[in-house]
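Single-letter residue listing:
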Amino acid sequence: MFRSRLVLGLTTAGMLAAVSLTACGSDPDVTAASNKSVDVVAVDYAYKELPAKAKAGTQFSLVNESAKELHEFVAIRLPDAEKRPIKELVKLPEAELGALLSPKPATVIIAQPKKGAEIMPVGDGTISEPGRYIVFCAIPTGAVPQEYLDAAAKANGQKPEGVAGGPPHFVNGMYGEITIS
Ligand SMILES: [Cu+2]
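In terms of burial, strand E7 (residues 107–111) is largely enclosed, as five of its five residues are buried. Residue alternation in E7 divides its side chains into two sets, Thr 107, Ile 109 and Ala 111 and Val 108 and Ile 110, and both sets are buried. Pairing analysis gives five bridges linking strand E6 (residues 71–77) to E7, with the strands arranged antiparallel. Counterpart to His 71 in the pairing with E7 is Ala 111. Bridge count for E7 against strand E8 (residues 118–122) is three bridges, and the pairing is antiparallel. Bridging from a neighbouring strand, Ile 110 pairs with Ile 119 of E8. From the end of E7 to the start of E8, which pair antiparallel, there are six residues, and Lys 114 there has a positive phi angle of about 55°.

Below, the structure written as structure tokens:
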């Protein structure tokens, strides 16, 4: 399963604490217009046009506008009792964050730079179950796209390991949330 390896690329809690408070990726004014499909845009290092709300069954896709970085859209349903804002959650100590992110994602979409191809190691972009989802990108900053994709292909749906790079993109602010109803 997609266990807490997700965050093994994490650095220290100290680095997480350095995350800017201004970088939260959801736009509270945006609600998905259609219950069919939504294109989320990835830039270095944030999501654009990430709806705050969408209907169950919405299929997401990821358009990567970065010139060189690979980006991903990992959506994990949070426990119903979890009410803290996402910007607090991403700053939790690694073990705590790892536990929160241990459920299998509803979907994982990886998109190549320059609006390149999408790869879907988990699911097909569809989020079916109502709830509150954290959306984040854990690709190491500066990782070579092909190196990461090769590692992802070998990882069988789990988080690729051993890919050179800096802290995961969510440490740079690449995270957000979507409420599915
Ligand atoms: Cu990213």
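Now that the structure is up, let's keep going.
Cis geometry is adopted by the peptide bond preceding Tyr 45, which originates at Asp 44 and carries an omega value of -5°. Within the fold, Tyr 45 resides in the loop between strand E2 (37–43) and strand E3 (46–48). Non-glycine residue Lys 114 carries a positive phi angle of around 55°. Looking at where Lys 114 falls in the secondary structure, it is placed in the loop between E7 and E8. Since 10 C-beta atoms lie within 10 Å of it, Lys 114 is described here as exposed.

The mixed open sheet is built from four strands, whose spatial order is E3-E2-E5-E9. On the outer flanks of this sheet lie E3 and strand E9 (126–127), each paired with one strand and no other. With three bridges joining them, E2 and E3 adopt antiparallel strand pairing. By the bridge assignment for E3, Ala 42 is matched with Tyr 47.

Turning our eyes to something else, we now look at the environment of Gln 59. Here Gln 59 lies in strand E5 (residues 58–64). What makes Gln 59 partly exposed here is the crowd of 17 C-beta atoms within 10 Å. Residues Gln 59 and Ile 127 lie 68 residues apart in sequence; the distance between their C-alpha atoms is 6.5 Å.

Let's shift gears to the pairing of E5. Burial along E5 is one-sided: the face carrying Thr 58, Phe 60, Leu 62 and Asn 64 is buried and the face carrying Gln 59, Ser 61 and Val 63 is not. Relative to E5, E2 is paired through six bridges, and the arrangement is parallel. Paired with Asp 39 across the bridge in E5 is Ser 61.

Conventions adopted
- Residues numbered from 1 in each chain as written.
- Predicted model: local features only at pLDDT ≥ 70, side-chain atom pairs only at ≥ 80, totals over all residues.
- Buried ≥ 20, exposed ≤ 12 C-beta atoms within 10 Å, placed from the backbone.
- Helix = DSSP H or I, 4+ residues; strand = E, 2+ residues; numbered from the N terminus.
- Pairing = 2+ DSSP bridges.

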